[in-house]
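# Observations on the three-dimensional arrangement
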Amino acid sequence: MIGGVNHLGIAVRDLEKSMALFQQIFRVEKFHRETVADQKVDIASFKAGEVLIELTAPTDADSPIAKFIEKRGEGIHHVAFTTEGINDELQHLAASGVQLINPTAQKGAHDMMIAFLHPKSTNGVLMELCELPKKA
Ligand code: ZN
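Description of the structure in this document. Throughout this document, residue positions are counted from 1 along each chain, in the order its sequence is written. Only residues with pLDDT of 70 or above have their local features reported here, since the model is predicted, and side-chain atom pairs are shown and tallied only from 80 upward, although totals for entire chains, interfaces and linings are computed over all residues. Processing note: side-chain calculations cover all non-hydrogen atoms of the structure and skip hydrogens and water entirely.

## A closer look at the overall build of the protein
The helix and strand labels rest on DSSP assignments: H or I over at least four residues marks a helix, E over at least two residues marks a strand, and numbering proceeds from the N terminus. Within the protein, the secondary structure is distributed over three helices and eight strands. Counted from the first residue to the last, the protein has its helices and strands arranged as β-α-β-β-β-α-β-α-β-β-β. As defined in this context, the radius of gyration uses C-alpha atoms, and a globule is described by 2.2 Å times the residue total to the power 0.38. Against the globule reference of 14 Å for 136 residues, the protein gives a C-alpha radius of gyration of 15 Å, in line with a compact fold. Projected onto its principal axes, the C-alpha positions of the protein cover 45 × 40 × 25 Å.

## Remarks on the coordination of the zinc ion
A donor here means an N, O or S atom no more than 2.8 Å from the metal, or no more than 3.2 Å when the metal is Na, K or Ca. Since water is not included, a site may seem to lack partners. Those protein atoms acting as donors to the zinc ion are His7 (NE2), His78 (NE2) and Glu128 (OE), and they sit at 2.0 to 2.1 Å. Within one chain, the residues serving as donors to the zinc ion are arranged as H-x70-H-x49-E. Separated by 71 residues along the polypeptide, His7 in strand 1 (residues 2-11) and His78 in strand 5 (residues 75-83) bring together distant segments of the chain. When sorted by exposure, His7 lands in the same class as His78, which is buried. Residue burial is assigned from relative accessible area. The probe radius is 1.4 Å, only protein chains are included, and a residue is buried under 20% of its type maximum, exposed over 50%, and partly exposed in between.

Here is the structure:
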């Protein structure tokens, strides 16, 4: 089941510069910092109301984010939706003809399990499904 917006991913070249900028705009007191090795990205995130904003910079030239910036410049990279039963949902979407980038969920930031849908299938919007970690 796909629910509300969990976060917006913004592709940036320089994380430090971007953090300074968003700190000014949103008066951010503290960023959550994380490196996601699987995705080859450094993330700084903060809450804008209910929605997390993830500033995402590449750690490597062959990171998907580096390729995105090269092709389209900095900007909104993806919209992520909180999803329950993410692998069941992916199966359901694949069966209904939606093209998936990740056929099964992978480890993302904030201990979430994540998967991307192919923008070819979703009107050009890169959508991410993310399942929150089960509270112990
Ligand atoms: Zn994301």
